[in-house]
Amino acid sequence: MNNPFERDDIHYYALVNGEGQYSMWPTTIEVPEGWSVAHGPSDRQSCVEFIEHTWTDMRPKSLIDAMEGTTSSPPE
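Attention in this report is confined to the structure presented alongside it. (Residues numbered from 1 in each chain as written. Predicted model: local features only at pLDDT ≥ 70, side-chain atom pairs only at ≥ 80, totals over all residues. Heavy atoms only, no water.)

To continue, consider the pattern of salt bridges. Summed over the entire model, instances satisfying the criterion amount to 2 salt bridges. Residue R7 is joined to D9 by a salt bridge in which the shortest nitrogen-to-oxygen separation is 2.8 Å. R7 gets classed as partly exposed once you look at its relative accessible area, which sits at 26%. The exposure class assigned to D9 is exposed, which follows from its relative accessible area of 57%. (Salt bridge = Lys/Arg side-chain N within 4 Å of Asp/Glu carboxyl O. Buried < 20%, exposed > 50% of the residue type's maximum accessible area, 1.4 Å probe, protein only.)

As structure tokens, this is what we get:
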């Protein structure tokens, strides 16, 4: 069985959670609770590029807020 997270012949979503963390997710698997679609469906490379371009700060949103002394809403 091929790993559905590393195939080039299926479509993916780029997901984001409330902490602003991203994940690539096969469209054949239900989006997990707490995550929403930020990009796609699209091919694997497009989702990888979207995540690399968008997720430039790997810190969770709650840590960023704590360090900056602010609060913010999760991304939509």
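So much for the structure itself; the text now carries on.
Turning to helix 1 (residues 44–54), its buried residues number three or more, namely S46, C47 and I51. Viewed along the axis of helix 1, the buried residues span an arc of 130°, placing them on a single side of the element. Away from the buried face of helix 1 by more than 90 degrees, exposed residues E52 and H53 are located. Close packing links the buried residues of helix 1 with strand 1 (11–17), strand 2 (22–26) and strand 3 (35–43). Two or three places before Q45, at the start of helix 1, stands the capping residue D43, its side-chain oxygen 3.2 Å from that residue's backbone nitrogen. (Helix = DSSP H or I, 4+ residues; strand = E, 2+ residues; numbered from the N terminus. Arc of directions from axis to C-beta. Contact = heavy atoms within 4.5 Å. Polar contact = N/O pair within 3.5 Å; in protein donor to acceptor, adjacent residues only side chain to side chain.)

All right, on to the nonpolar core then. One finds I10, Y12, A14, V16, Y22, M24, C47, I51 and W55 forming the largest nonpolar core, which totals 9 residues. If you list the elements that add at least two residues to this core, you get strand 1, strand 2 and helix 1. For this core, the element with the most residues is strand 1, which contributes 3 residues. (Core = buried A, V, L, I, M, F, W, Y, C linked by side-chain atoms within 4.5 Å.)

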